Amino acid sequence: GNGAAPPTWQQVSTVILNAHKTTGHGVEVKCPISHKTIKQVGILYVDDTNLWEGLRDDDDLISTSARGQVSISDWAGTLGETGGALKPDKCGVTIHDQTPDGKGGWNYTDQQAVATEDEEVDMSELDELQFHVPTADGGTAPIERLPSNKADNNLGLYARPDGKPDQHFEQMREKMTTWTAQIKSGQIPTRSVWMSYSNQLWSGLRYGLGACSASLPELRKGLMSADFYMLSNLGVNRSITKEWRYLPATFGGIGLYDLTVETAAATLASFLQHYGTSHALGITLRAAMEHLQVELGVPDCPFNYDFSVWGHLSTDSWAKALWEKIDELGIVLDLQYDTKPLPRRNDRAIMDCMVELGLRGTELQRVNRVRKAQEAMFLSDVATPNGRYLEKYLLDGHWKDSPEGSLGKHRSTLDFGTEHPTEADWKLWKKSLKRLTDSKSLFLNEPLGDWINPSTRIWRHFLNTDTRTVEIRADDTIYEYAHDVESSDRVSIMQPVRRLDEPATSVVPASILEYDNGSIKLLAQGPPLVSQRDEVVPSSFLERLRGKGGEWMWDSISFSSDPSWIVDAIQRGSLFCCTDGSYMKQWAPDICGAAWVFYCAESRQWLKGDFTEHSKWANSYRGEQLGMLAIHIILLTIEEHYGVPLSNANIFCDNQGTIRTFSKKYDRVPGSSKNNDILRVLRKIQGVSALAHKLSHVKAHQDEISGYDGLALEARLNVDCDSRAKAAIKRAVENFSSHPVTLSLPLEVAVVVIDGIKQTADLAKDLRYHVGKVKARQFYADEQLLHPDIFDSVAWEPLRLLLDRRPKMFNLWYAKQCSGYCGTGQMISRYDKCASDKCPNCGCFETADHLNRCKSRIRKGLLLDSVNDLQEWMEGHCTHPCIQKWLPSYIALQGSTLFVDLVHSQGWTMSQQMRRVGNSLDRIGWRNVLEGKVSNALLQMQQEHLVQTRSLLSIDSWTRGFLDKLLSLTHTQWICRNLTKHHRTKGTKALASREEILKEIEHQLCLGSDGLSHDARCLLEIPAEELYGKPTSELQYWLNAAVASRQAAGDESGGLLEPTSDQVKTGTGQRADAGNHPPGRKSPPQEASKAVTPARKPKAIAPIFLTTKARRPAARPPTNLPPALRPQQQERTGLLKRNSEEELQRIQVGSLLRNVPNNFQLCLEGGDKVHREAMRSLRPPQWLNDEVINVYIRRVLLPKVNRNHIFFFNSFFMSTLLNTGETGRDTPSYNYEGVQRWDSRLRRKHKILGMREIFVPINHARVHWLLLRANTETKVITLWDSEGRKQGNQLYLTTMLRYLGDKYSEMHGVPSDDWKAEWTLEDASDSSPEQTNGHDCGLFVLANATLLAQQIPLSRSSYTEGDFQLWDTRSRVAMLLWLASTNRPVPAAGRPLPARRRPQQNHGNGGNTGRKSGSKPLPAKKAPATAKHSKCKERAKRRRNNKRIIPGGPKTRGKILVSDPTPLQQTQSILNKKRKAASVAIGDATVVATTQRHAPPKRKKRKHTQYD
């Protein structure tokens, strides 16, 4: 809990670990071929401890479990000595025990569901095992035993013991679903969504992928459809083809991350991090690869073999998963791997022979199973000593059943696992091996020759060539057999003589036949075995240096004498080492060079060299680092060759970054770091040498400032290295065709090559591009976009480099344009039937291909301007003359003519080279060329021109500028098209909207004053010329006012036009004057006979005004108005209003709440009751309790809604489902069983899933109320929180989705993953009225539930927190509960007060002037309110003042609603008031200010006093 805790625990745990290891606990990981071992106790991360026990040769279930219990007790004991203790509820044990499945394979014992062929699996032994941990009080406590198929959170990962990734992928899908829901609920621009997708979502998802052992099929299904639901948030149409989603932008794809590629990149990075190191993970990785090699039965690196043929032979593991990825994705992994040499001449690996015989699949697996049981890898392991025959007993049965089995536990120097082949396996083994012989005598078709390498077989029988005796060597004893002189066959029959202490030296392997009487017969003998050869020691320094690999770095090495002088120079302090790198981007963009020198200031002896590297990553900095690496390798070689540790050598470099890099100590090398191959080699050097040398900086190019002779020694050496490095690059350029592509460095043990390029930085980028290119090639061919040969002719790499420099949103536009899923008329009309599919410029059918082919004057002129711009750029950038002549004409013709058919206006003839280039462009296609897909032939032609003209411009720079111009041309067309369509005032959509409004205004003018109120007739007084010239927004205001006035007068349609049936059916949304006439006029006969067919409502064109539907029956409210003019649906429960006078005459709920009697109780139908404490919770500022919420919903709200479609859970549902306890604050844990039968009372087929809407009131931690709704029709789960969005509320959304998924699985008996993927989670708290106090959250839940259950839309303005005080909503809830009760008790505290008549309101001098005669008398005035009520009235008064209309004020921010006061109603309040002459002269300000709604109050002028 503080800063000292982690380092303190590190020190303590180190002591405990060493003590635990000393006592013999842990596991020993052993390499089966090299026999390297590492002892591992476990893994610790802070206080997360994982201990291991087992992996011994003779381990069984009981012994391993016993040692595990001892290990737990010992660890707890040492931990207790430090003051720590184990918590039993946080401890667990997993037993990795496997049993044969009867078919030759293995299963985890606790997952074994069926019996084997021989006997049933006995699970009792495993079930009876129990483990305990010591407790602090001296006792013990049992701990949980976790099954092998359950994943526990281990260092942030959910890794199952059996290696299956299901739960880890499920966790990733939940993260993606949560992220998608959060993005959907926020107003985030697409650019920021992509940033969050890359840097937030996937940075978290990549954690742990490097340790994932999932196969490629599992990875492809890992995320399922989680990516699909986030496409709309990323600005992509969901209907886009799946292949386009994951392709890189270079190939026209969206560029979503592919789990397969990301896992492969993370796995390769982990492999490079640990392979070849001497620490625990390095040796463990080595052991995994050697086990894989033994399982396959191959002599060299298993990654070099075809996974499709060999992959099924091995056990699922991390190494196998890596092998599958590099094989399937076309990655080259070049390793320094020790191969197992063939023991004999003509020897071969058994499995290589089986593959050549044509065995595949199951047959190959069965033969391999027997081979592993026989512990054999080569033919020499199953052949006789003379190499001519196969051993018959090894073909007929298990070797342990033969006499050889009694002599030892193993027959091979390699470590094989236990196998249980079936009878069919043995038959196929014998049949297959016989195919390598003459089948009768088992004579090999190709007999084996002499031994050339040590045998992998442990030979037990030897013939002493000196004494002619036979030695039989068991694991612990050596028996000697000699000739029996009494036997008739004195040559071959031998009898046991004695036991030997030491084996003889002059022996050869032999084969014998044993008799029952103990005698043996010598059958055959072979050539002498070869022992392990000693390592060859290099004889010279240069030989040792070249033996470290990377010979290309030492081709130009030269020295004055034997380098032994370097040792003396370092000891004297006279050695100067210097290096410098060089890079000439204009001449050789893919080559960097370096030069180095060793010089003794006293003896003047030297050692120097230079080299160049051909690499995509070439630059000056890499050249500097390569030179420094060469110096360190030479110093290491001198240490090893002369056996003298060296230090304090003076090393100079003119690059400070290189000095800082080589001054650091590297334990881990980040995979994303640049030049990480150099850093890994440096780490390996640091592991074997101290490298305590002095690295210093020297200024570069000092000879340009002062003379060479006047420079210091280190400066002169630097100048010399610089000149030699540049000369090396020039030589490499001259011999560029023969210059090899450099791969491995000296001491580099692993190299990753992708698409022929060695990876020296973050390999994920190149891997995504490489995999995307392979997939794009196939996808383009399948979709007939580009033939594979044409695809290969496109210069994709320059386009990739250009797009990498562009923003993400440009890449997104480019992907949409290339794929065709952009906002063209073709695509928009697919999902919006009312939208036009025409081009906004020329009116043609609009597709993505039409973008640059539009024939309109504006677009074509813009294209020609872009072509002229391109031509000017080419003239200024040393472009080939033929390209300048012909390419602009090709583009300007908009694809109407092939390149090879072009005719120049000046009569020029196209050259043959240009014709070949033009033919390549024609094959690619005109549209593709303008999207940056140019041919390699074009770039080759331009490169040759740059070389011939000796231009300083590189082909990469020219290509980048050229492609930039092409993409700018296409992008300019897209911008022009969008401006034409979407401009705010002059776009085609805006003009269409204005046209529609003008038609409606013209129709309103034709209707005249009929139907208009007297106060609104002033609208007709505006001259038509002036009215038509107003902006569109003012025209809309005029139309809204006219429509509202006609509706107030009784015209439901408001005088709006109606579309004809043909227009409705076609969805054009265009109105016609025919068939729409003012009242009293007859329609033309031909139109009167046509029936108006109700149809789907067209989409809106105008910003506010919406196209009308055909008129509906008068029984329903009119829906042909804009949303702002439609009347609101009535709320039926009466919650959102004050208690009426009549209700208060029955009971004074305010007095009742202030003093609730002790025995007070409301009884309702169904046995529901509201007790005294529940009523008291309605008093402010208390929180509403569960009883009030649940009874109100059941007995007040539900009777007013459709119970067949709406279902309410009570407030205890979510707390029970999450098992948060009585206080609501326990750690949430999903508890489906607790609520499994809560919907049992529903008498319908699908139970809860048959309801349209499911509401859940949530009591969050007993301190805050929320509301959740699940809509089963739209498949949306929505949550409303009156305090706004909170991260913790996502728990309720995901929990509800999980509950519905479990219900779905329970009813249908199938997994619900795909069904749940169709759901959307939404936090709509921003659309809920806002709460600012801390006690009215329950009222917000009741109000929101009341509106939503009645299908009334909820928004911020539905009501406010102040309305609760104005309406006294708490008293209103109490009144509704009292009215719904059956007993309706009226205690003394709630008896009504005597009624008082409210005095008549006096309007001016006329008394009742403002009231009509015969109207009902005003209701009685309420009793004088308390101070609190006075404050409510004051707030209401201020609110009314704030809403007043201000003449001359700012423009309104809202719309004119039908509920707004009309000009006449605004005028009535001042009719009888005295007005001055100036006020009368100005006119009626209220009419002028109709558009000033929602304006802020006018600020009062400050009065100045004498003190101002």
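It should be noted that the structure appears before, not after, this text.
Residues numbered from 1 in each chain as written. Predicted model: local features only at pLDDT ≥ 70, side-chain atom pairs only at ≥ 80, totals over all residues. Heavy atoms only, no water.

1. Comments concerning the overall build of the chain
Condition: Secondary structure elements are taken from DSSP: a helix is a run of H or I of four residues or more, a strand is a run of E of two residues or more, and numbering for both begins at the N terminus. Relative accessibility thresholds used throughout: buried, under 20% of the residue-type maximum; exposed, over 50%; partly exposed, between the two (1.4 Å probe, protein chains only). What makes two residues a contact is simply this: any of their non-hydrogen atoms within 4.5 Å. Accessible surface area values rest on a Shrake-Rupley calculation with a 1.4 Å probe, where residue burial reflects the displayed protein chains alone.
Assigned secondary structure in the chain consists of 51 helices and 33 strands. Put simply, the chain has 1508 residues, and 46% of those count as buried. Put simply, 67% of the contacts in the chain that link residues at least 6 apart link residues at least 24 apart. Of the roughly 75,300 Å² that the chain leaves accessible, carbon and sulfur atoms contribute 50%.

2. Some points on the pairing of strand β21 (residues 591-600)
Each regular strand carries side chains that alternate between the two faces of the sheet. Using the following cut-off: At least two bridges found by DSSP between two strands are what make those strands a pair.
A large share of β21 lies buried, amounting to 10 of its 10 residues. Inspection of the sheet shows strand β20 (residues 575-583) paired to β21 by 9 bridges, in the antiparallel sense. Paired with F576 across the strands is Y599, a residue of β21. Alignment of β21 against strand β22 (residues 606-614), held across 9 bridges, turns out to be antiparallel. Looking across to β22, one finds that W596 is bridged to G609. Connecting β21 to the antiparallel partner β22 that follows it, the hairpin turn spans 5 residues, and R604 within it adopts a positive phi of roughly 60 degrees.

3. Looking at the nonpolar core
Considering soluble globular proteins, one finds that nonpolar side chains tend to be buried as a cluster. So the rule is basically this: We define a nonpolar core as any set of buried Ala, Val, Leu, Ile, Met, Phe, Trp, Tyr and Cys residues linked to one another through side-chain atoms lying within 4.5 Å.
Counting 90 residues, the largest nonpolar core has Y197 and F962 as its most contacted members. The biggest single contributor to this core is helix α32 (residues 955-982), with 8 residues. Once residues lying within four places of it in the same chain are set aside, the contact partners of F962 are L870, W873, M874, L887, V934 and L938. Within the second largest apolar cluster, 61 residues are counted, among which are L322, A376, V382 and V752.

4. Here we look at helix α18 (residues 620-642)
For clarity, the cut-off: By definition here, a helix of n residues has an expected span of 1.5 Å times n minus one. Here a polar contact means two N or O atoms within 3.5 Å. Within protein one must be a hydrogen donor candidate and the other an acceptor candidate, and residues neighboring in sequence count only if both atoms are side-chain atoms.
Taking 1.5 Å as the rise per residue, α18 with 23 residues should run 33 Å; its terminal C-alpha atoms sit 34 Å apart, in good agreement. The buried fraction of α18 amounts to 18 of the 23 residues, a majority that puts the element mostly inside the structure. The distance from a side-chain oxygen at the start of α18 to the backbone nitrogen of Y621 is 3.1 Å, and the residue carrying that oxygen is N619. The first or second residue beyond α18 is G643, which carries a positive phi of 65 degrees.

5. Notes on the sheet that holds strand β16 (residues 493-500)
In sheet architecture, strand pairing relies on hydrogen bonds along the backbone and comes in two forms, parallel and antiparallel. Stated precisely, the cut-off is as follows: Only the stretch in contact is used when fitting a helix axis, every axis being a line fitted to C-alpha atoms; angles between N-to-C directions are given from 0 to 180 degrees.
Sheet architecture is closed into a barrel: 6 strands sit in the order β13-β14-β15-β16-β18-β17, paired in antiparallel fashion. Shown here is a sheet whose adjacent strand axes are inclined to one another by a mean of 45 degrees, direction ignored. Here β16 runs beside strand β18 (residues 520-525); their pairing, made up of 2 bridges, is antiparallel. Bridging across to β18, I493 finds its partner in K521.

6. A few points about the side chain of R680
Convention followed: His is not counted, nor are the chain ends, whereas Lys and Arg count as positive and Asp and Glu as negative. A carboxyl oxygen of Asp or Glu within 4 Å of a side-chain nitrogen of Lys or Arg is what we treat as a salt bridge.
Within the element layout of this structure, R680 appears in helix α20 (residues 676-688). No salt bridge is formed by the buried R680; the nearest opposite charge belongs to E748, separated by 4.2 Å. When near neighbours in sequence (up to four residues on either side) are disregarded, R680 contacts L272, V669, E748 and A750.

7. Observations concerning empty space enclosed by the protein
Put simply, the rule is: As defined here, a cavity is a set of points on a 1 Å grid over the protein atoms alone where a 1.4 Å probe fits but cannot get out. A pocket is an open set with protein on both sides within 12 Å along at least five of seven lines, and residues line them when an atom is within 4 Å of a point. Grid points are joined across faces, edges and corners, and a volume is the space filled by probe spheres set on the points. Classification convention: Asp, Glu, Lys, Arg as charged; Ala, Val, Leu, Ile, Met, Phe, Trp, Tyr, Cys, Pro as nonpolar; all other residues, Gly among them, as polar.
In this structure the tally under the stated criterion is 4 cavities of 30 Å³ or more. Taken as a whole, the second largest cavity holds about 70 Å³ of empty space. Examining the composition of the lining of the second largest cavity, we find that 3 residues originate from one element, helix α8 (residues 259-274), more than from any other. Classifying every residue of the lining of the second largest cavity gives 6 nonpolar, 3 polar and 1 charged.

8. Focus: helix α45 (residues 1337-1349)
Taking 1.5 Å per residue as the helical rise, α45 with its 13 residues ought to reach 18 Å, and the 18 Å between its terminal C-alpha atoms agrees with that figure. Extensive coverage of α45 is indicated by the burial of 13 of its 13 residues. Looking one or two residues past α45, Q1351 carries a phi angle of roughly 60 degrees, positive in sign.

9. Considerations on the packing of aromatic side chains
The following threshold applies: Under the pairing criterion, centres of Phe, Tyr and Trp rings, with the six-membered ring standing for Trp, must be within 6.5 Å; the plane angle then separates stacked pairs below 30 degrees from edge-to-face pairs above 60, leaving the rest tilted. By definition here, charges over rings are those cases where NZ of Lys or CZ of Arg is within 6 Å of the ring centre and within 35 degrees of the ring normal.
Applying the stated criterion to the full structure yields 41 aromatic pairs. Between F228 and Y229, the aromatic rings sit 5.1 Å apart at their centres with planes inclined by 85 degrees, giving edge-to-face as the arrangement. For Y229, a relative accessible area of 13% translates into the label buried. Above the plane of the ring of Y769 lies R800, whose end atom (NZ or CZ) is 4.4 Å from the centre. The aromatic ring of W908 is capped on one face by K885, whose charged end is 4.4 Å from the ring centroid.

10. Observations concerning a negative patch on the surface
Which entries qualify depends on this criterion: Distance thresholds for patches are 9 Å for like charges and 5 Å for nonpolar side chains (Val, Leu, Ile, Met, Phe, Trp, Tyr), applied to residues having over 30% relative accessible area and no salt bridge. We put the charge of a Lys on NZ, of an Arg on CZ, of an Asp on CG and of a Glu on CD.
Together, E170, E174, D1313 and D1314 make up a region of like negative charge exposed at the surface. Those elements that provide at least two residues to the negative patch are α4 (166-184) and α44 (1313-1317). Of note, E170 is situated in helix α4.

11. Here's the deal with the packing of helix α5 (residues 190-205) against helix α25 (residues 808-819)
What counts, and what does not: Here roughly perpendicular refers to angles of 65 to 115 degrees, roughly parallel to angles under 35, roughly antiparallel to angles over 145, and oblique to all remaining angles.
Orientation of α5 relative to α25, taken along the N-to-C sense of each, is 100 degrees, at an axis distance of 10 Å. In this view, α5 runs roughly perpendicular relative to α25, as classed from their interaxial angle. Between α5, through T190, R191 and W194, and α25, the contact on the second element is made entirely by K808, M809 and L812. The class makeup of the residues in the contact of α5 with α25 is 3 nonpolar, 1 polar and 2 charged.

12. Observations concerning a nonpolar patch on the surface
Judged by side-chain polarity, L513, Y515 and L523 come together as a nonpolar surface patch covering roughly 270 Å² of accessible area. Residue placement: L523 occurs in strand β18.

13. Re the environment of A280
Mapping A280 onto the fold places it in helix α9 (residues 280-296). The partly exposed category is assigned to A280, whose relative accessible area is 33%. Along the backbone, A280 and I38 are 242 residues apart, and their C-alpha atoms lie at a distance of 6.4 Å. When near neighbours in sequence (up to four residues on either side) are disregarded, A280 contacts I38 and Q40.

14. Quick look at the environment of L1376
Mapped onto the elements of the fold, L1376 is located in helix α47 (residues 1369-1380). Through-space distance from the C-alpha of L1376 to that of V1196 is 6.9 Å; in sequence the pair is 180 residues apart. Setting aside its immediate chain neighbours within four residues, L1376 contacts T1133, G1134, L1135, Y1192 and V1196.

15. Here's the deal with the pattern of salt bridges
Pairing between side chains of opposite charge can happen when the charged atoms of each approach one another. Within the structure shown, the criterion is met by 66 salt bridges. With a shortest N-O distance of 3.8 Å, E391 and R457 are connected by a salt bridge. Pair noted here: E391 is in the loop between α13 (361-373) and α14 (392-396) and R457 is in the loop between α15 (423-434) and β13 (461-464), with a separation of 66 residues, a long-range link. Residue E391 is classed as buried on the basis of its relative accessible area, which comes to 9%. The residue D610 makes a salt bridge to R724 at a minimum N-O spacing of 3.7 Å. Remark: R724 occurs in helix α21 (residues 713-734) and D610 occurs in strand β22; sequence separation between them is 114 residues. A relative accessible area of 12% means that R724 is categorised as buried. Through salt bridges with shared partners, a single network forms among E613, R622, D677, E748 and K758.

16. Focus on the sheet that holds strand β29 (residues 1206-1208)
Strand order in this open sheet of 5 strands is β29-β30-β31-β32-β33, and the pairing throughout is mixed. Strand pairing shows two members of the sheet lacking a second neighbour, β29 and β33 (1320-1323), which therefore form its edges. The mean inter-strand angle of the sheet, taken between neighbouring strand axes irrespective of direction, is 20 degrees. Bridge count for strand β30 (residues 1253-1260) against strand β31 (residues 1264-1271) is 8 bridges, and the pairing is antiparallel. Considered in β31, the bridge of H1260 is made with H1264. Sheet contacts for helix α41 (residues 1186-1197): β29, β30 and β31; angle to β30, the most-contacted strand, approximately 160 degrees.

17. Topic: the pairing of strand β14 (residues 470-473)
Alternating residues of β14 divide into V470 and I472 and E471 and R473, and every residue in both groups is buried. Note that β13 and β14 share 3 bridges and pair antiparallel. Residue pairing across strands places H461 opposite I472, the latter belonging to β14. With antiparallel pairing between neighbouring strands as the criterion, β13 and β14 make up a hairpin whose turn holds 5 residues, including R468 at a positive phi of roughly 60 degrees. Pairing of β14 with strand β15 (residues 478-483), which is carried by 4 bridges, proceeds in the antiparallel orientation. The partner of E471 across the bridge, within β15, is E480. Joining the antiparallel neighbours β14 and β15 is a turn of 4 residues.

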